[in-house]
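# Understanding the architecture of this molecule
One-letter residues, chain by chain:
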Amino acid sequence: MFTNAIVRTPCKNMIKGLTSSTEGPPDYLKALIQHKIYVDALKSCGMEITTLPPNDNYPDSTFVEDAALLTPHCGIITRPGAHSRRRETNSMKRVMTDFYDDIEEIKSPGTVDAGDIMMVGSHYYIGLSKRTNTTGVNQVIKILNKYNLTGSTIALSEMLHLKSGLSYLENNNLVVAGEFTDNPEFQKFNLIKIDDDESYAANCVWINDYVLIAKVYPKTKQSIEQIGYETIELDMSEFRKLDGGLSCLSLRF
Ligand code: GLY
């Protein structure tokens, strides 16, 4: 059960955000509307929302998920792998003190984007990616162990973040796409396999038995509803242009 979410309103400079997309820059005003609808969806799932103000110094800062890992026992400030995103953590640190007594921090030369971390109960899968390095992974595992939590490493070869292709929906249900589909680490789960033509939809978000999914991916929606979840579809077109997904837009705890 999650009760709180932290989000950050997109800034005008989001049009300069990092991307591998060829779709062109996002439409800022459209993104603002999509973000508001996203926040309303979180509220409808029973979440209290803390909204950080837009910050034009950091074009990608609406993707708050990368700046911190919030566990039930401690908050961990990350050290994002992209230089342009590294200081997004400053304001996150400040807001986390409202919720956590124990705040840990990833230190140089470690880099971690928390979009590379997927929580499954008390275990955390940590992607080794272009953004998250081995030193960073080892630091995260050491911190988790201190709080009786565990972590393990998953090597990425193609996707930006671990959660670009994996979403845990509780009750052993795992949405999986692309390079993760045949990974032996995940075969113990009830896998909801996403076809390549809908792989963007693999980044979805379980919140208190609802699942937020991107619009319009009918096969993914049907597969998730078939196993008993109510879905909430959200238009993510402008965030997709920055390689961002649904989970990237909030920290849920
Ligand atoms: N545009 C999101 C990222 O690359 O981190």
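Refer to the preceding data block for the structure.
Criteria and cut-off values
- Residues numbered from 1 in each chain as written.
- Predicted model: local features only at pLDDT ≥ 70, side-chain atom pairs only at ≥ 80, totals over all residues.
- Heavy atoms only, no water.
- Near = heavy atom within 4 Å.
- Polar contact = N/O pair within 3.5 Å; in protein donor to acceptor, adjacent residues only side chain to side chain.
- Areas by Shrake-Rupley, 256 points an atom, 1.4 Å probe, with all protein chains shown as cover.
- Nonpolar A, V, L, I, M, F, W, Y, C, P; charged D, E, K, R; others polar.
- Core = buried A, V, L, I, M, F, W, Y, C linked by side-chain atoms within 4.5 Å.
- Buried < 20%, exposed > 50% of the residue type's maximum accessible area, 1.4 Å probe, protein only.
- Pairing = 2+ DSSP bridges.
- Helix = DSSP H or I, 4+ residues; strand = E, 2+ residues; numbered from the N terminus.
- Axes fitted to C-alpha atoms, helices over the stretch in contact; angles between N-to-C directions.
- Right-handed = clockwise from strand over helix to strand, strands pointing away.
- Expected span 1.5 Å × (residues − 1).
- Phe/Tyr/Trp six-rings, centres within 6.5 Å; stacked < 30°, edge-to-face > 60°.
- Lys NZ or Arg CZ within 6 Å of the ring centre and 35° of its normal.
- Salt bridge = Lys/Arg side-chain N within 4 Å of Asp/Glu carboxyl O.

Taken together, Leu 18, Asp 60, Phe 63, Arg 85, Arg 131 and Leu 242 make up the full set of residues adjacent to the ligand. Between the ligand and the protein, one listed contact pairs an oxygen atom with a side-chain N or O atom of Arg 131 at 2.8 Å. Coverage of the ligand by the protein chains reaches 97% of its 200 Å² of free accessible surface. Class assignment for the residues of the shell around the ligand results in three nonpolar, no polar and three charged.

Further remarks concern the nonpolar core. Among the nonpolar cores identified, the biggest contains 54 residues, and Tyr 38, Met 118, Leu 169, Phe 180, Phe 186 and Leu 212 are the most heavily contacted of them. If you look at the next biggest cluster of nonpolar residues, it comprises 16 residues, including Leu 69, Ile 106, Ile 117 and Tyr 124.

This brings us to the sheet that holds strand E9 (residues 166–168). Ordered in space as E9-E10-E11, the three strands form an open sheet in which the pairing is mixed. The outermost strands of the open sheet, each flanked by one partner alone, are E9 and strand E11 (190–194). The mean inter-strand angle of the sheet, taken between neighbouring strand axes irrespective of direction, is 20 degrees. Sheet analysis places E9 next to strand E10 (residues 173–177), joined by three bridges and oriented antiparallel. Note on E10: the bridge partner recorded for Ser 167 is Val 175.

Here we take up the pairing of strand E7 (residues 123–128). Working note: regular strand, side chains alternate between the two faces of the sheet. Direction of pairing for strand E6 (residues 117–120) relative to E7: antiparallel, over a ladder of four bridges. Opposite Met 119, over in E7, you have Tyr 124 as the bridge partner. Where E6 hands over to E7, the hairpin turn is made up of two residues, of which Gly 121 adopts a positive phi near 60 degrees. Sheet topology places E7 next to strand E8 (residues 150–155); six bridges connect them, and they run parallel. Bridge pairing in E8 links Leu 128 to Ala 155. As for the winding sense of the linkage, the β-α-β connection from E7 through helix H3 (residues 134–146) to E8 is right-handed.

Sheet architecture is open: three strands sit in the order E12-E13-E14, paired in mixed fashion. In this open sheet, the two strands that pair with only one neighbour each are strand E12 (205–207) and strand E14 (230–234). The average undirected angle you get between the axes of adjacent strands in this sheet is 30 degrees. Where strand E13 (residues 210–214) meets E14, five bridges bridge the pair, whose relative direction is parallel. Across the sheet, residue Leu 212 finds its bridge partner in E14, namely Ile 232.

A few words now on helix H1 (residues 28–44). Between its terminal C-alpha atoms H1 stretches 24 Å, which fits the 24 Å expected from 17 residues at 1.5 Å a residue. Capping the start of H1 is the job of one residue whose side-chain oxygen sits 3.1 Å from the backbone nitrogen of Leu 29: Asp 27. Backbone geometry just after H1 places Gly 46 at a positive phi near 95 degrees.

Tallying each qualifying case throughout the model produces 10 aromatic pairs. With 5.8 Å between their ring centres and 65 degrees between their planes, Tyr 168 and Phe 189 make a pair best called edge-to-face. Of this pair, Tyr 168 sits in strand E9 while Phe 189 sits in the loop between E10 and E11; the two residues are 21 residues apart in sequence, bridging distant segments of the chain. Following the ring pairs from residue to residue traces out a cluster consisting of Tyr 125, Tyr 168, Phe 180, Phe 186 and Phe 189. Positioned over the ring face of Tyr 200 is Arg 240, at 4.8 Å from the centre of the ring.

Overall, the coordinates contain 14 salt bridges when judged by the stated rule. A salt bridge links Glu 225 to Lys 221, with the shortest nitrogen-to-oxygen separation between them at 2.8 Å. Pair noted here: Glu 225 and Lys 221 are both in helix H4 (residues 218–226), with a separation of four residues, about one helical turn. The class of Glu 225 is partly exposed, set by a relative accessible area of 33%. Members of the salt-bridge network, linked through shared partners, are Lys 30, Glu 238 and Lys 241.

Further remarks concern the environment of Pro 218. Note on placement: Pro 218 falls in helix H4. Judged by its relative accessible area of 51%, Pro 218 is exposed. A C-alpha to C-alpha distance of 8.6 Å links Pro 218 and Glu 198, two positions 20 residues apart in sequence.

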